[in-house]
Amino acid sequence: MKFTRFSVDAIEYKGVLVEDGIREIKGDIFADWDYTGKVFSKDEVKLLAPLMPTQIIGIGANYVASVDQLPNELPDIPVFFFKPISSVIGPEDEIIIPTGCDTVKFESELAVVIGKKAKDISEEEVFDYVFGYTVGNDVTAPAYFHEAGHWTIGKSFDTFTPLGPFIETKIDPVSLRVKARLNGEEKQNSGQELMIISTAKMISYLSHVMTLQPGDVILTGSPVGAEFVRAGDVIECEIEEIGILRNSFVKKAVSVEH
Ligand code: MG
């Protein structure tokens, strides 16, 4: 089942994708929801990010180029970081390259949407707590990484977390491939076997630190191949079973005041 949020004439709706369009729903997708009976045509709606996350947590440097490069030992403390929910945009929205850099990086990622409160869960239990999966673009401005190693500012600009186009609830993440095309040319295309820390492992780990809540989004890391991009470039992040998340990059005057 593919959940979405969309707008028509600036009014926001929630819905489920069906063959002949989008069926509107009301209620809380993580608890009680129902169809309203209204169906919208795909042509008349603007897709929004399929949810407004409660929080967004990413993991750094989590893919290798080939299985023989997988490390024998996993890090004791994986590199996790938070992204602000104000950085979320939807399909076709513009990603703004901030003042102070001419280039930023795209990072196509599998984004896991948590569906139930999760604390101290084992790796085996993780998928009972997952609501579904969407595509995320963990846009990054390395020019704003702090020299002491902190990534927060470089990950946090408005528009830096495109999500969408849908939350797919009925897929097995193990078989997914995470892809990206820059201006039509493939740059990323990796399966989950190239992940250093698996989705189950990272969510179990996080649940032993913090209570995960319905609506939390975990960005599971980006395959090898992410590149710097400039204004005018178009990025398509894709997981076939979910859809294509397309955004273009623009340069606007956004400055960080000192
Ligand atoms: Mg990333």
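Here we look at the state of the cysteines
The term disulfide refers to a covalent linkage connecting the sulfur atoms of a pair of cysteines.
Inference 1: Tallied over the full model, the rule gives zero disulfides.
Inference 2: The thiol of Cys101 is unpaired, and the distance to the nearest cysteine sulfur, on Cys237, comes to 18 Å.
Inference 3: Among the residues examined, Cys101 registers a relative accessible area of 6% and is labelled buried.

Let's talk about the pattern of salt bridges
Inference 1: Counted according to the given criterion, the structure contains 15 salt bridges.
Inference 2: One salt bridge in this structure joins Asp93 and Lys46, with 2.9 Å as the shortest N-O distance. Of this pair, Asp93 sits in the loop between strand 8 (88–89) and strand 9 (94–97) while Lys46 sits in strand 5 (residues 46–48), and the two are 47 residues apart along the sequence.
Inference 3: Glu238 is the salt-bridge partner of Arg181, the closest N and O atoms lying 2.9 Å from each other. Separated by 57 residues along the polypeptide, Arg181 in strand 14 (residues 177–182) and Glu238 in strand 18 (residues 234–239) bring together distant segments of the chain. Accessibility assignment for this pair places Arg181 and Glu238 in one class, buried.
Inference 4: One continuous salt-bridge network, built from bridges that share partners, spans Glu92, Arg181, Glu236, Glu238 and Arg246.

Observations regarding the coordination of the magnesium ion
Inference 1: Surrounding the magnesium ion are the protein donor atoms Glu107 (OE), Glu109 (OE) and Asp138 (OD), at 2.0 to 2.1 Å.
Inference 2: All donors of the magnesium ion belong to a single chain; written as a sequence motif, their spacing is E-x1-E-x28-D.

Points about the packing of aromatic side chains
Inference 1: According to the stated counting rule, one finds 12 aromatic pairs in the structure shown.
Inference 2: When the ring of Phe145 is compared with that of Trp151, the centres are 5.4 Å apart and the planes differ by 10°; the resulting orientation is stacked.
Inference 3: Phe145 gets classed as partly exposed once you look at its relative accessible area, which sits at 27%.
Inference 4: By relative accessible area, Trp151 is classed as partly exposed at 25%.
Inference 5: An aromatic cluster is present here, built from Phe3, Phe30, Trp33, Tyr35 and Phe131 joined pairwise through their rings.
Inference 6: Sitting over the ring of Tyr35, Arg23 keeps its end group 3.7 Å from the ring centre.

Observations concerning the nonpolar core
A general feature of soluble globular proteins is that nonpolar side chains tend to end up buried together.
Inference 1: The biggest cluster of nonpolar side chains holds 47 residues, and the ones touching the most others in it are Val104, Ile203, Leu212, Ile218, Ile235 and Phe249.
Inference 2: Contact partners of Leu212, with chain neighbours within four places excluded, come to Ile57, Ile114, Lys116, Lys117, Ala118, Ile203, Leu206, Ser207 and Ile218.
Inference 3: If you look at the next biggest cluster of nonpolar residues, it comprises 15 residues, including Ile25, Ala49, Val217 and Leu219.

Observations concerning a nonpolar patch on the surface
Inference 1: On the surface, Ile77, Tyr205 and Val209 cluster together into a nonpolar patch covering about 300 Å² of accessible area.
Inference 2: Tracing the chain through its elements places Ile77 in the loop between strand 6 (56–59) and strand 7 (80–83).
Inference 3: The exposure class assigned to Ile77 is exposed, which follows from its relative accessible area of 65%.

The rules behind the values
- Residues numbered from 1 in each chain as written.
- Predicted model: local features only at pLDDT ≥ 70, side-chain atom pairs only at ≥ 80, totals over all residues.
- Heavy atoms only, no water.
- Disulfide = S-S within 2.5 Å.
- Buried < 20%, exposed > 50% of the residue type's maximum accessible area, 1.4 Å probe, protein only.
- Salt bridge = Lys/Arg side-chain N within 4 Å of Asp/Glu carboxyl O.
- Helix = DSSP H or I, 4+ residues; strand = E, 2+ residues; numbered from the N terminus.
- Donors = N, O, S within 2.8 Å, 3.2 Å for Na, K, Ca; no water.
- Phe/Tyr/Trp six-rings, centres within 6.5 Å; stacked < 30°, edge-to-face > 60°.
- Lys NZ or Arg CZ within 6 Å of the ring centre and 35° of its normal.
- Core = buried A, V, L, I, M, F, W, Y, C linked by side-chain atoms within 4.5 Å.
- Contact = heavy atoms within 4.5 Å.
- Patch = residues over 30% accessible without salt bridge, like charges linked within 9 Å, V, L, I, M, F, W, Y side chains within 5 Å.
- Areas by Shrake-Rupley, 256 points an atom, 1.4 Å probe, with all protein chains shown as cover.

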